[in-house]
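Chain residues, written in single-letter form:
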Amino acid sequence: MIATLAFYVFAAVLLGSAALVVSARNPVHSVLFLILAFFNAAGLFLLAGAEFLAMILVIVYVGAVAVLFLFVVMMLDIDFTRLREGVQRYAPVGATVGAILLVELASVFGGWQLLPQYASLRGAVAPGAVSNTTALGELLYTHNVLLFQISGLVLLVAMIGAIVLTLRERKASRRQDIARQVAQRVEDTLVLVKVGLGAAVTEADFQRPLPEPAVAPAEPHGGGHGHGGTHAAEVR
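What comes next is a walk through the structure. (Residues numbered from 1 in each chain as written. Predicted model: local features only at pLDDT ≥ 70, side-chain atom pairs only at ≥ 80, totals over all residues. Heavy atoms only, no water.)

## Quick notes on the environment of Phe69
Next, step 1: Mapped onto the fold, Phe69 is located in helix α3 (residues 51-75).
Next, step 2: Along the backbone, Phe69 and Val28 are 41 residues apart, and their C-alpha atoms lie at a distance of 8.9 Å.
Next, step 3: Phe69 has contacts with Val31 and Leu34, leaving out every residue within four places of it along the chain. (Helix = DSSP H or I, 4+ residues; strand = E, 2+ residues; numbered from the N terminus. Contact = heavy atoms within 4.5 Å.)

Next up, the structure:
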């Protein structure tokens with residue numbers, strides 16, 4: 001009874017958090033709901049007896065992937081308002097793609113057939129005398145190794161696509177010119193000065209900024225025969 005109740009609780013929270021991942025306007029909230037979905041999926045794996053998958057889901061996906069997503073979303077300067085401007089324009093295309101995927105999933109689940117010994121094997125998590133980890137490794141890397149490699153390739157393409165979509169060129173950013181740095185000569189950056197014996201560097205050589213120029217007296221009014229005195233003008 002407790003296991004059944006826990007299953008329904010985990011499943012309900014998982015479905016709700018998965019829906020909020022897609023519908024949340026704030027991307028940070030979407031990542032947090034994704035972490036919640038991972039935890040509830042791990043609880044479902046524990047109830048099903050797949051403790052290895054549960055630990056992998058918590059350690060790898062929650063501890064590494066989801067946290068990486070959160071840091072990337074918080075650090076990238078993405079204008080989400082501009083990204084949402086074309087939502088209504090491309091809504092029919094997205095709806096068409098979603099309908100095609102829904103039809104494909106329905107055809108897959110419609111042709112799904114269970115083994116006759118399904119009822120007896122449902123309680124036996126580990127086939128034979130091997131553990132869950134051994135059985136899972138043999139299933140993934142021996143019987144379905146091609147599908148496993150294809151799924152990894154799909155994830156790689158998705159990662160590259162996300163980088164291309166979020167990468168923006170900035171005009172004010174500075175870039176390294178590796179060829180120019182390698183071709184740099186000593187004469188371009190270093191000046192060798194031969195100082196004589198007993199010579200020293202004076203204080204004027206280190207004055208930065210340069211001292212103000214001297215103030216020169218101006219010409220007196222009236223050729224110097226007036227009742228006014230002399231006026232000083234600053235020459236710069």
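## As for the side chain of Ser30
Next, step 1: As for its placement among the helices and strands, Ser30 is situated in helix α2 (residues 27-48).
Next, step 2: The buried category is assigned to Ser30, whose relative accessible area is 12%.
Next, step 3: With near-sequence residues (within four places) excluded, Ser30 lies in contact with Leu20, Val21 and Ala24. (Buried < 20%, exposed > 50% of the residue type's maximum accessible area, 1.4 Å probe, protein only.)

## Things to note about the packing of aromatic side chains
Next, step 1: Scanning the model with the defined rule gives three aromatic pairs in all.
Next, step 2: A ring pair is formed by Phe38 and Tyr61, whose centres lie 5.5 Å apart and whose planes are at 55°; its orientation type is tilted. Highlighted residues: Phe38 in helix α2 and Tyr61 in helix α3, separated in sequence by 23 residues.
Next, step 3: Of the residues examined, Tyr61 reaches a relative accessible area of 36% and is grouped as partly exposed. (Phe/Tyr/Trp six-rings, centres within 6.5 Å; stacked < 30°, edge-to-face > 60°.)

## Overview of the packing of α2 against α3
Next, step 1: Two numbers describe how α2 lies on α3: the axes approach to 9 Å, and their chain directions differ by 175°. By the angle between their axes, α2 is roughly antiparallel relative to α3. Residues Pro27, Val28, Val31, Leu32, Leu34, Ile35, Phe38, Phe39, Ala41, Ala42, Phe45 and Leu46 of α2 form the contact with α3, whose own contacting residues are Glu51, Leu53, Ala54, Leu57, Val58, Tyr61, Val62, Ala66, Phe69, Leu70, Val73 and Met74.
Next, step 2: Grouping the constituent residues of the contact of α2 with α3 by class yields 23 nonpolar, no polar and one charged. (Axes fitted to C-alpha atoms, helices over the stretch in contact; angles between N-to-C directions. Parallel < 35°, antiparallel > 145°, perpendicular 65-115°, else oblique. Nonpolar A, V, L, I, M, F, W, Y, C, P; charged D, E, K, R; others polar.)

## Quick notes on the nonpolar core
Next, step 1: Counting eight residues, the largest nonpolar core consists of Ile35, Phe38, Ala41, Ala42, Ala54, Leu57, Val62 and Ala66.
Next, step 2: Elements supplying a minimum of two residues to this core: α2 and α3. (Core = buried A, V, L, I, M, F, W, Y, C linked by side-chain atoms within 4.5 Å.)

## Let's talk about the side chain of Ser17
Next, step 1: Considering the arrangement of structural elements, one finds Ser17 in helix α1 (residues 2-23).
Next, step 2: For Ser17, the side chain forms a polar contact with the main-chain oxygen of Val13, separated by 2.9 Å.
Next, step 3: Sequence-distant contacts of Ser17, defined by excluding residues within four places in its chain, comprise Phe33, Leu36 and Ala37. (Polar contact = N/O pair within 3.5 Å; in protein donor to acceptor, adjacent residues only side chain to side chain.)

None of the figures reported here should be taken as evidence of function without further support.
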